[in-house]
Amino acid sequence: MRFATLRIISFFAFGLGAGSPALADLNAALASADPTAGERAFRRCASCHTVELGGRNMVGPNLYGIVGGSVAAIEGFRYSSALREYSGDWTPERLDAFLANPREEVGGTRMGFAGVRDAEDRADLIAFLNTQSDNPLNFGSSEAAAAPDDTNVGEEDFGVLVNAPGAETTYYACVACHSERIVAQQGLTRAGWDDLLEWMVEDQGMMEIEEPDRTEILDYLAAHYNTDRANFPPPIN
């Protein structure tokens, strides 16, 4: 059995010491980040990535050990030339910049994700990814990164989607690629939603949604976003 070893990385090793205010802010955010909140944030990534040890590559590569790991290093995954040229290591600040705006940080990346705009959400997400490693980094505490604790989790926000059974699965399956508002603006029968999912997989390259998630999503969409359009979202002011 292998035991995780703690890599105590100095702030200067990652460029997190004396330097720009942005890096100092990131250091502070990571020191107080919440891996449990980060695990919830990761659900928007789960349509394209696995994160557990030995997880399969999907549309995107498995992300186990990504924090502090080498860029474009997962065996068997075909990375874009842009990401291979980016090279180096996924230091926390590079991950933060990439998660904020993937196409700005790595021009030419094939990742279609728009990015995580909120700095605190990014820090939480990096903190969660850091727990998925044999050798988690130390972000300023005296202990290794702890596994997420699912207790005391508040009510989640699913944007404009109706908060009902199936909303969570539907929301995180959708927002990896587009706004949930696009979903809420549709009005289809269950069969229509089923056909749309098939089209997205066959013609648009979306990863197949496995059971039981697919049935849960179809049941939710048929109940709340059917042809009557009872939950059509209001216009953005």
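Everything quoted here is computed from the prediction, not taken from an experiment. (Residues numbered from 1 in each chain as written. Predicted model: local features only at pLDDT ≥ 70, side-chain atom pairs only at ≥ 80, totals over all residues. Heavy atoms only, no water.)

Draft legend 1. View of the packing of aromatic side chains. Applying the stated criterion to the full structure yields six aromatic pairs. An angle of 70° between the planes, with centres 4.9 Å apart, marks the rings of F77 and Y79 as edge-to-face. Residue Y79 is classed as buried on the basis of its relative accessible area of 11%. Relative to Y225, the ring of Y220 has its centre 6.0 Å away and its plane inclined at 55°; by these criteria the two rings are tilted. (Phe/Tyr/Trp six-rings, centres within 6.5 Å; stacked < 30°, edge-to-face > 60°. Buried < 20%, exposed > 50% of the residue type's maximum accessible area, 1.4 Å probe, protein only.)

Draft legend 2. Looking closely at the packing of helix α7 (residues 167-174) against helix α10 (residues 213-224). Direction vectors running N to C along α7 and α10 enclose 105°, while the axes themselves pass 8 Å from each other. One element, α7, and the other, α10, form an angle in the roughly perpendicular class. Where α7 abuts α10, its residues A167, T169, T170 and A173 lie against D213, E216, I217, Y220 and L221. For the contact of α7 with α10, the class distribution of residues is five nonpolar, two polar and two charged. (Axes fitted to C-alpha atoms, helices over the stretch in contact; angles between N-to-C directions. Helix = DSSP H or I, 4+ residues; strand = E, 2+ residues; numbered from the N terminus. Parallel < 35°, antiparallel > 145°, perpendicular 65-115°, else oblique. Contact = heavy atoms within 4.5 Å. Nonpolar A, V, L, I, M, F, W, Y, C, P; charged D, E, K, R; others polar.)

Draft legend 3. Layout of the side chain of S133. Positionally, S133 belongs in the loop between α6 (119-131) and α7. On the basis of relative accessible area, S133 is assigned to the buried category, the value being 12%. Polar contacts involving the side chain of S133 include one to the main-chain amide nitrogen of N135, which spans 2.9 Å. (Polar contact = N/O pair within 3.5 Å; in protein donor to acceptor, adjacent residues only side chain to side chain.)

Draft legend 4. Spatial organisation of a negative patch on the surface. On the surface, D34, D118, E120 and D121 cluster together into a negatively charged patch. Relative to the helices and strands, D121 is located in helix α6. Under the relative-accessibility criterion, D121 is labelled partly exposed at 31%. (Patch = residues over 30% accessible without salt bridge, like charges linked within 9 Å, V, L, I, M, F, W, Y side chains within 5 Å. Areas by Shrake-Rupley, 256 points an atom, 1.4 Å probe, with all protein chains shown as cover. Salt bridge = Lys/Arg side-chain N within 4 Å of Asp/Glu carboxyl O. Lys, Arg positive; Asp, Glu negative; His and termini not counted. Charge placed at Lys NZ, Arg CZ, Asp CG, Glu CD.)

Draft legend 5. Main features of the packing of helix α9 (residues 190-202) against α10. Taken N-terminus to C-terminus, the directions of α9 and α10 make an angle of 135°; their axes are 9 Å apart at the nearest point. Classified by the angle between their axes, α9 and α10 sit oblique to one another. The crossing of α9 and α10 is right-handed. Of the residues in α10, those in contact with R190, W193, D194, L197 and E198 of α9 are R214, T215, L218, D219, L221 and A222. Residue classes in the contact of α9 with α10 are distributed as five nonpolar, one polar and five charged. (Left-handed = near helix turned anticlockwise from the far one by under 90°.)

Draft legend 6. Focus on the nonpolar core. F42, V67, W90 and L129 are the most contacted members of the largest nonpolar core, which has 30 residues in total. For this core, the secondary structure elements donating two or more residues are α1 (21-31), α3 (81-86), α4 (92-100) and α6. Per-element accounting of this core gives the leading share, six residues, to α6. Leaving out residues up to four positions away in the same chain, W90 has contacts with I66, V67, G68, G69, S70, V71, A72, L83, L95 and F98. By size, the runner-up hydrophobic cluster in this structure holds 18 residues, among which are A164, Y171, W193 and L197. (Core = buried A, V, L, I, M, F, W, Y, C linked by side-chain atoms within 4.5 Å.)

Draft legend 7. Local environment of the confidence of the model for the protein chain. Averaged over all residues, the pLDDT of the protein chain equals 83, while 83% of them reach at least 70. This model gives residues 1-19 a pLDDT under 50, and the stretch forms 39 contacts once residues within four places in sequence are excluded. (pLDDT = per-residue confidence, 0-100.)

Draft legend 8. A look at the environment of E120. Note that E120 resides in helix α6. The exposed category is assigned to E120, whose relative accessible area is 57%. Residues E120 and L30, spaced 90 residues apart in sequence, show a C-alpha to C-alpha distance of 8.6 Å.

Draft legend 9. Representation of unusual backbone geometry within the structure. Here E211 and P212 are connected by a cis peptide whose omega angle stands at 5°. Checked against the element boundaries, P212 lands in the loop between α9 and α10. In the Ramachandran plot, A72 falls in the positive-phi region, its phi being about 55° despite a non-glycine side chain. Within the fold, A72 resides in the loop between α2 (35-42) and α3. Exposure remark for A72: the relative accessible area of 24% places this residue in the partly exposed category. The backbone of S87 shows a phi angle near 45°, a positive value even though the residue is not glycine. As for its position among the elements, S87 is in the loop between α3 and α4. The class of S87 is partly exposed, set by a relative accessible area of 34%.

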